[in-house]
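Analysis of the macromolecular model
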Amino acid sequence: MGPVIIAIVGILLLLLVSEFLWRSQILRGEGARKVIHITVGTYVAFWPYFMTWRQIQFMSLAFLIVVVLSQQMHIFHAVHGVKRKTWGEVFFALSIVIAAFLQPAPLIFMAAILHLALADGFAALIGQKYGLLHQYKVGNYTKTLLGSFTFWAISTAIIAATVWVGDVNLHWALVPLVIWVPLVATVIENIAIMGLDNVLVPVFIIVVLDLL
């Protein structure tokens with residue numbers, strides 16, 4: 001139970017710190033949500049290296065329940081503090097559940113969750129801060145060119161690192177993978193609305209890397 005306790009304490013600390021920052025008005029709105037996504041997601045990405053899949057499945061289901069309860073009861077304001085309609089935080093937790101039950105190789109699990117944490121998180125933060133002059137619409141949702149480029153760049157770095165670490169003998173053979181997978185992931189991130197990209201992107205990454 002030691003690893004599970006460590007995971008629980010880690011998640012609770014990150015949520016409590018985010019709530020403190022929200023109440024102190026240091027972090028608000030979309031920025032607060034994405035900071036939580038980045039920190040919690042990056043932490044979760046390393047779970048397979050110190051927990052069993054059964055433990056990860058238990059923790060991911062517990063995390064999903066906490067997120068749903070928080071949304072209904074407004075417990076963690078920083079997680080849900082945006083005016084637009086989105087299920088992103090629920091899909092965020094659900095994607096971890098799905099990844100845990102798919103039980104990919106630890107490196108593939110890490111790559112999938114880091115897309116959720118780093119690529120999506122920094123795309124939103126950088127796009128909103130610096131990319132407002134170059135916006136475009138997907139349905140009723142506003143996207144930025146800089147945000148999409150940020151997602152693609154970080155996705156490329158994650159896939160390249162995964163290929164490099166995963167199998168030395170296949171580096172050059174997998175170069176096309178490093179090119180087309182981030183492009184497809186970026187398209188999915190753009191067209192999936194209401195936070196559904198938080199599920200579709202990690203599942204896509206797991207399925208593709210598992211197959212190839």
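Scope of this entry: the structure provided in the associated data block.

Some details on the packing of aromatic side chains
Counting across every chain of the model gives five aromatic pairs. Measuring from ring centre to ring centre gives 5.5 Å for W53 and F109, while their planes differ by 70°; the resulting arrangement is edge-to-face. Here F109 lies in helix α6 (residues 106-130) and W53 lies in helix α3 (residues 53-73), a separation of 56 residues in the sequence. Classification of F109 by relative accessible area gives buried; the value is 0%. Measuring from centroid to centroid gives 6.4 Å for W180 and F204, while their planes differ by 70°, and the two rings are edge-to-face.

Considerations on helix α8 (residues 175-191)
One turn of an α-helix holds 3.6 residues; hence residues three or four places apart share an orientation. Taking 1.5 Å of rise per residue, the 17 residues of α8 would be expected to cover 24 Å, and the 26 Å separating its terminal C-alpha atoms lies within 8% of that figure. Along α8, the residues that are buried comprise L177, V178, V181, P182, A185, T186, I188, E189 and N190. Contact partners of the buried residues in α8: α6, β1 (135-138), β2 (141-144), α7 (145-166) and α9 (197-211).

Comments concerning the nonpolar core
In terms of nonpolar packing, the biggest core is built from 51 residues, with V44, W47, F63 and I205 touching the most fellow members. Counting only elements with at least two residues in this core, the list comes to α1 (2-23), α2 (29-45), α3, α5 (88-102), α6, α7, α8 and α9. No other element matches α6, which puts ten residues into this core. Those residues in contact with I205 that lie beyond four places of it in its chain are I108, A111, A112, H115, I159, V181 and A185.

Comments concerning α7
Here α7 spans 31 Å end to end across 22 residues, near enough to the 32 Å set by a 1.5 Å rise per residue. Within α7 the residues assigned to the buried category are G147, S148, T150, F151, I154, S155, T156, I158, I159, T162 and V163. The inward-facing, buried residues of α7 contact α6, β1, β2, α8 and α9.

Quick word on the environment of I108
Looking at where I108 falls in the secondary structure, it is placed in helix α6. Here the alpha-carbon distance between I108 and V208, two residues 100 residues apart in the chain, equals 9.6 Å. Apart from residues no more than four positions distant in its own chain, I108 is found in contact with I205, I206, L209 and D210.

Parameters at a glance
Sequence order as written defines the numbering, with residues in each chain counted from 1. A pLDDT threshold of at least 70 governs which residues receive local features in this predicted model, and a stricter bar of 80 or more applies before side-chain atom pairs are shown or counted, although totals over entire chains, interfaces and linings include all residues. Computation of side-chain values covers all heavy atoms of the structure but excludes hydrogens and water. When the centres of two rings from Phe, Tyr and Trp lie within 6.5 Å, Trp using its six-membered ring, the rings pair. Their planes under 30 degrees apart give stacked, over 60 give edge-to-face, and anything left gives tilted. A run of H or I in DSSP counts as a helix once it spans at least four residues, and a run of E counts as a strand once it spans at least two, with each numbered from the N terminus. Three exposure classes are used, based on accessible area relative to the maximum for each residue type with a 1.4 Å probe and protein chains only: buried under 20%, partly exposed in between, and exposed over 50%. Given the number of residues in a helix, its expected span is that number minus one, multiplied by 1.5 Å. Residue contacts are counted whenever heavy atoms from the two residues lie within 4.5 Å of one another. The criterion is simple. A nonpolar core is a set of buried Ala, Val, Leu, Ile, Met, Phe, Trp, Tyr and Cys residues joined through side-chain atoms within 4.5 Å.

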